[in-house]
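Fold and geometry: a report
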Amino acid sequence: MKDTVKNLFYKEFCYNPDKLYFSPGRVNIIGGHTDYNGGAVLPFCIDLGIYAAVSKRKDKIIKVYSTNMSKKGIINFNLNNLDYDKNRNYVNYVSGVLHKLKSLGYIIHYGFDMVISGNLPRGGGLSSSAALLVLTTKIIKDLMNLDITDIEIAKITKAVENQYIGVQCGIMDQFIIAKGKKDNVIYLESSTLDFEYIPCELNNYKFVLINSNVARKLTNSEYNTRQAETQEVLKILRKHVNINHICDLSPKDYNIYEQYIESHDLKKRFKHLVNEHLRVKQARDALQNSDFESLGKLLYAAHISAKNLYQVSSNILDELVEMGMDSGSLGSKMIGGGFGGSTLNLIKSDNMESFLTDFTIKYKNRFRRTPIINIVNIVDGVRELL
């Protein structure tokens, strides 16, 4: 893939690139929607992602070409015009980073040529948007010699997603892609950004992703609605208890304070979040003890909660989860913001062949097409390629 993107750069711009990069997608083992509610998450980087070839220019023009959006051709804009422009399409993620950096006082005098290509499905729940944002920020940091830490990259790109793109996401996706470490997951407390690496050498187990093949655009989904609902829950709770975030409370606290919330839907959101925050801690402990049977049960419990309480699943995701469990998965759950995307399955290596065979048969019988299945490994975060 590295050579492919390098050759594509030469084809589009007629000279060789100065640098090559890779930005991975991410999977959150558990912690659905807790990151923007002050809770913990447990993500890792995967070996699917976005590759980039780039060179600095001598003027203020930025030119971007993506093989995933090849019909758009090369999209270009000027450093002097960084306002959101719908005609810029996906390249708003690039201009958004530049807009934020300049607002923070970083000096950027020159543009660049960039070609991107990847095997990370857009809308697959694997955070292609955060991968592109973190990739762009890393590239600009290197090309312009900017003094920006990995954690600052996460904060900057979250701000772009929230303020410039318009998705009210938390910081998990950006953080793991900026700070990911091979064969480790990150236990992240989103309210403080305190984190620790948890070794996760799967050995006799594998994580398997199954794409629902239903893309969703978060700005057009109920994702922002869930964010608004949880803010309403927090507003109500603060009248009765001194907290900063919903996830400051425990499942026992839910039994005390749910009486103050009249809406049944808001009660469901509250119950999901306090229980999901606890499941993240339990999953961390299970990984530290190499207790994959318990981890699998937590995955399935997390999905049922996302389906029934937070209500961000879909009929297809629910079917894929049940197919996975029926085919031998130790645990299966939806990943990503919801309403589409992929499912995560934990499979014992000795059972992999039978799982793949059985699941494929079930899927073909139900949907009349071949499933999109990826066995993923845990890799480092965004990085320059040698």
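The coordinates are above.
Residues numbered from 1 in each chain as written. Predicted model: local features only at pLDDT ≥ 70, side-chain atom pairs only at ≥ 80, totals over all residues. Heavy atoms only, no water.

1. Side note on the environment of Leu309
With respect to the helices, strands and loops of the structure, Leu309 is situated in the loop between helix H9 (292-308) and helix H10 (315-326). The sequence separation of Leu309 and Arg269 amounts to 40 residues, and the corresponding C-alpha distance is 5.9 Å. Once residues lying within four places of it in the same chain are set aside, the contact partners of Leu309 are Lys268, Arg269, Lys271, His272 and Ile304. (Helix = DSSP H or I, 4+ residues; strand = E, 2+ residues; numbered from the N terminus. Contact = heavy atoms within 4.5 Å.)

2. A closer look at the sheet that holds strand E12 (residues 372-376)
Overall, antiparallel pairing links the 4 strands, which are arranged E10-E11-E9-E12 in an open sheet. Looking along the sheet, the strands with just one partner apiece sit at the ends: strand E10 (331-335) and E12. Between one strand axis and the next, the sheet turns by 25 degrees as a mean value, whatever way the strands run. The pairing of strand E9 (residues 205-211) with strand E11 (residues 342-348) spans 7 bridges and is antiparallel. (Pairing = 2+ DSSP bridges. Axes fitted to C-alpha atoms, helices over the stretch in contact; angles between N-to-C directions.)

3. Observations regarding the sheet that holds strand E7 (residues 184-189)
Read across the open sheet, the 3 strands follow the order E2-E7-E8; overall the sheet is antiparallel. This sheet does not close on itself; its edge strands, each paired only once, are strand E2 (40-41) and strand E8 (194-199). Relative to E8, E7 is paired through 6 bridges, and the arrangement is antiparallel. Residue pairing in the sheet places Leu188 in a bridge with Phe195 of E8. Where helix H5 (residues 172-179) meets the sheet, it contacts E2, E7 and E8, and its direction lies at approximately 140 degrees from that of E7. Against the sheet, helix H8 (residues 264-288) contacts E2, E7 and E8, and its axis sits at roughly 150 degrees relative to E7.

4. Brief notes about the pairing of strand E4 (residues 61-66)
Where E4 and strand E5 (residues 75-78) come together, 4 bridges link them in antiparallel fashion. Paired with Ile61 across the strands is Asn78, a residue of E5. Here E4 runs beside strand E6 (residues 112-118); their pairing, made up of 4 bridges, is parallel. Looking at the pairing, Lys63 lines up with Asp113 of E6.

5. Things to note about the environment of His240
Structurally, His240 can be placed in the loop between helix H6 (223-237) and helix H7 (251-257). His240 gets classed as partly exposed once you look at its relative accessible area, which sits at 36%. In this structure, the C-alpha to C-alpha distance between His240 and Tyr257, residues 17 residues apart in sequence, is 7.8 Å. Aside from chain neighbours lying at most four places away, what touches His240 is Tyr257 and Tyr260. (Buried < 20%, exposed > 50% of the residue type's maximum accessible area, 1.4 Å probe, protein only.)

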